[in-house]
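Analysis of the macromolecular model
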Amino acid sequence: MKNMLDAPFVTELVRTCTNMYAHGWDERNGGNISLRLDEREAAEYLDAPAAPRREPTGFSCPALDGMLFLVTGTGKYFKNVQYDPAANLGLVRLTDGGACAEVLWGFSDGGRFTSEFAAHMMSHAARLGIDPESRVILHCHPNHLLAMTYVHDLDERAFTRTLWQMETENIFVFPEGVGVLPWMLCGTNEIGAATAEKMKRGRIVIWAQHGIYGAGRTLDEAFGLIETAEKAAEVYLKIAHLPWKQTITDDALRQIAAHFGVTPRAEYLD
Ligand code: 2HA
Ligand code: ZN
């Protein structure tokens, strides 16, 4: 049996947490990540206990029954994950139609999965319905996106158009646009279901006055989405209060999409 701490999926998740903390997106215990694992890739490293600890999830998610997820722990600090992955991360299997998570590895100090487990699992189910290769849900609190949700219209079309206009390649990175939820109480099944509903239409969901969710096939893809949206928000905040002399026109946005071979959400263009 290989050491779980050497597993590439653990190493990459640890690096992602460290990197996100370094970007200032995950103060204190802010942010959470879940990575769906293949049974086969986990098996090489997993010496699952005969009677694993069973934690109720408080929701049902039958589409994910039996699946394995590597997740960050509730109350854990991203800055510390690198120093003790086994305490800060856990590998769980969803059972009982998603109502229970069996802890197969990690959470070594008795901890449990992120408080946003509902939003993560429901979002995985939504993304898997669209893309069977989808593996990652990533949540954090990036400064500029957060700030933007105080001063920009929260209408999804308007919010997306502004982000698209802030750099030429943004429409290529998230042609489906972004979903935006109004302020809602976090850590609940309700915000989980609302997030998952938006995830059926795209890979980015912004939580007003809180942060962002990104989905992807890989940690790099989900990270890159958030990085791109966050940079767009930063540019916006640098210029929002200045008189604009020009922006990227809708005709230019169409040209970029055609050049890169992506199909932007049609109703978001004039
Ligand atoms: O505490 O980010 O949304 C972790 C969070 C909750
Ligand atoms: Zn959060």
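Scope of this entry: the structure provided in the associated data block.

Here is what the cut-offs are and how they apply
- Residues numbered from 1 in each chain as written.
- Chains lettered and ligands numbered in written order.
- Predicted model: local features only at pLDDT ≥ 70, side-chain atom pairs only at ≥ 80, totals over all residues.
- Heavy atoms only, no water.
- Salt bridge = Lys/Arg side-chain N within 4 Å of Asp/Glu carboxyl O.
- Helix = DSSP H or I, 4+ residues; strand = E, 2+ residues; numbered from the N terminus.
- Buried < 20%, exposed > 50% of the residue type's maximum accessible area, 1.4 Å probe, protein only.
- Contact = heavy atoms within 4.5 Å.
- Near = heavy atom within 4 Å.
- Polar contact = N/O pair within 3.5 Å; in protein donor to acceptor, adjacent residues only side chain to side chain.
- Areas by Shrake-Rupley, 256 points an atom, 1.4 Å probe, with all protein chains shown as cover.
- 1 Å grid on protein atoms, 1.4 Å probe; cavity = no way out; pocket = protein on both sides within 12 Å on 5 of 7 lines; lining within 4 Å.
- Sits in = over half its atoms within 2 Å of the grid points.
- Donors = N, O, S within 2.8 Å, 3.2 Å for Na, K, Ca; no water.
- Phe/Tyr/Trp six-rings, centres within 6.5 Å; stacked < 30°, edge-to-face > 60°.
- Core = buried A, V, L, I, M, F, W, Y, C linked by side-chain atoms within 4.5 Å.
- Disulfide = S-S within 2.5 Å.
- Points joined across faces, edges and corners; volume = space filled by probe spheres on them.
- Nonpolar A, V, L, I, M, F, W, Y, C, P; charged D, E, K, R; others polar.
- Axes fitted to C-alpha atoms, helices over the stretch in contact; angles between N-to-C directions.
- Parallel < 35°, antiparallel > 145°, perpendicular 65-115°, else oblique.
- Left-handed = near helix turned anticlockwise from the far one by under 90°.

1. Some remarks on the pattern of salt bridges
For the structure on display, the rule yields 20 salt bridges. With a closest N to O distance of 2.7 Å, Arg161 and Asp250 form a salt bridge. Linking Arg161 in helix H7 (residues 156–165) with Asp250 in helix H11 (residues 250–260), this pair joins segments that are 89 residues apart in sequence. By relative accessible area, Arg161 is classed as buried at 12%. The partner of Asp270 in a salt bridge is Arg161, and the shortest N-O contact between them spans 3.3 Å. One end of the pair, Asp270, is in the segment after H11; the other, Arg161, is in helix H7, with 109 residues separating them in the sequence. Through salt bridges that share partners, Arg157, Arg161, Asp250 and Asp270 make up one connected network.

2. A word on the environment of Ala208
You can see Ala208 is positioned in the loop between strand E8 (204–207) and strand E9 (211–216). C-alpha separation for the pair Ala208 and Val92, spaced 116 residues apart in sequence, amounts to 29 Å. Among residues more than four places away in sequence, those in contact with Ala208 are Thr149, Leu154, Leu181, Pro182 and Trp183.

3. Structural notes on the site of ligand 1
Residues in contact with ligand 1, as listed here, are Asn29, Gly30, Gly31, Asn32, Glu116, His139, His141 and His210. For ligand 1, an oxygen atom lies 2.9 Å from a polar atom in the backbone of Gly31. The separation between an oxygen atom of ligand 1 and a polar side-chain atom of His139 is 3.3 Å. Within the complex, the protein chains bury 87% of what would otherwise be the 220 Å² of accessible surface of ligand 1. In this structure, ligand 1 is accommodated by the largest pocket.

4. Some remarks on the coordination of the zinc ion (ligand 2)
The protein atoms that coordinate the zinc ion (ligand 2) are His139 (NE2), His141 (NE2) and His210 (NE2), at distances of 2.0 to 2.1 Å. Read N to C, the donor residues that coordinate the zinc ion (ligand 2) are spaced as H-x1-H-x68-H. A relative accessible area of 1% places His139 in the buried class. Its relative accessible area of 12% is what places His141 among the buried residues.

5. Some details on the packing of aromatic side chains
Inspection of every chain in the model, using the stated rule, returns 8 aromatic pairs. Seen in terms of ring centroids, Trp207 and Tyr213 are 4.6 Å apart; in terms of plane orientation they differ by 40°. Their pairing is tilted. Neither residue differs from the other here; Trp207 and Tyr213 are each classed as buried. Through a chain of ring-to-ring contacts, three or more aromatic side chains come together here, namely Phe59, Phe113 and Phe117.

6. Some words on the nonpolar core
Core analysis: the biggest nonpolar cluster contains 53 residues, and Met4, Phe9, Leu70, Leu91 and Leu163 have the highest contact counts within it. In terms of residue count, helix H10 (residues 219–239) provides more of this core than any other element does, 9 residues in total. Residue contacts for Phe9: discarding those within four places in its chain leaves Met4, Leu35, Leu37, Glu41, Ala42, Tyr45 and Leu70. By size, the runner-up hydrophobic cluster in this structure holds 28 residues, among which are Phe59, Ala118, Ala194 and Val205.

7. A look at the state of the cysteines
Under the criterion given, the structure shown has 0 disulfides. Considering cysteine sulfurs only, Cys100 is the nearest to Cys61, which forms no disulfide, with 14 Å between them. With relative accessibility at 6%, the residue Cys61 sits in the buried group. With no disulfide of its own, Cys140 lies closest to Cys17 among cysteine sulfurs, the gap being 11 Å.

8. Notes on the layout of surface pockets
Volume-wise, the largest pocket comes out at about 190 Å³. Forming the walls of the largest pocket are 17 residues, and the residues nearest its centre are Asn29, Gly30, Gly31, Asn32 and Ser115. Considering only residue class, the lining of the largest pocket consists of 1 nonpolar, 13 polar and 3 charged.

9. As for the packing of helix H6 (residues 143–151) against H10
At a closest axis distance of 7 Å, the pairing of H6 and H10 adopts a crossing angle of 55°. In terms of their interaxial angle, H6 and H10 are classed as oblique. Like other packed secondary-structure pairs, H6 and H10 cross with a definite hand, here left-handed. Contacts between H6 and H10 involve Asn143, His144, Leu145, Ala147, Met148 and Val151 on the former and, on the latter, Ala229, Glu230, Ala233, Glu234, Tyr236 and Leu237. Tallied by class, residues from the contact of H6 with H10 come to 8 nonpolar, 2 polar and 2 charged.

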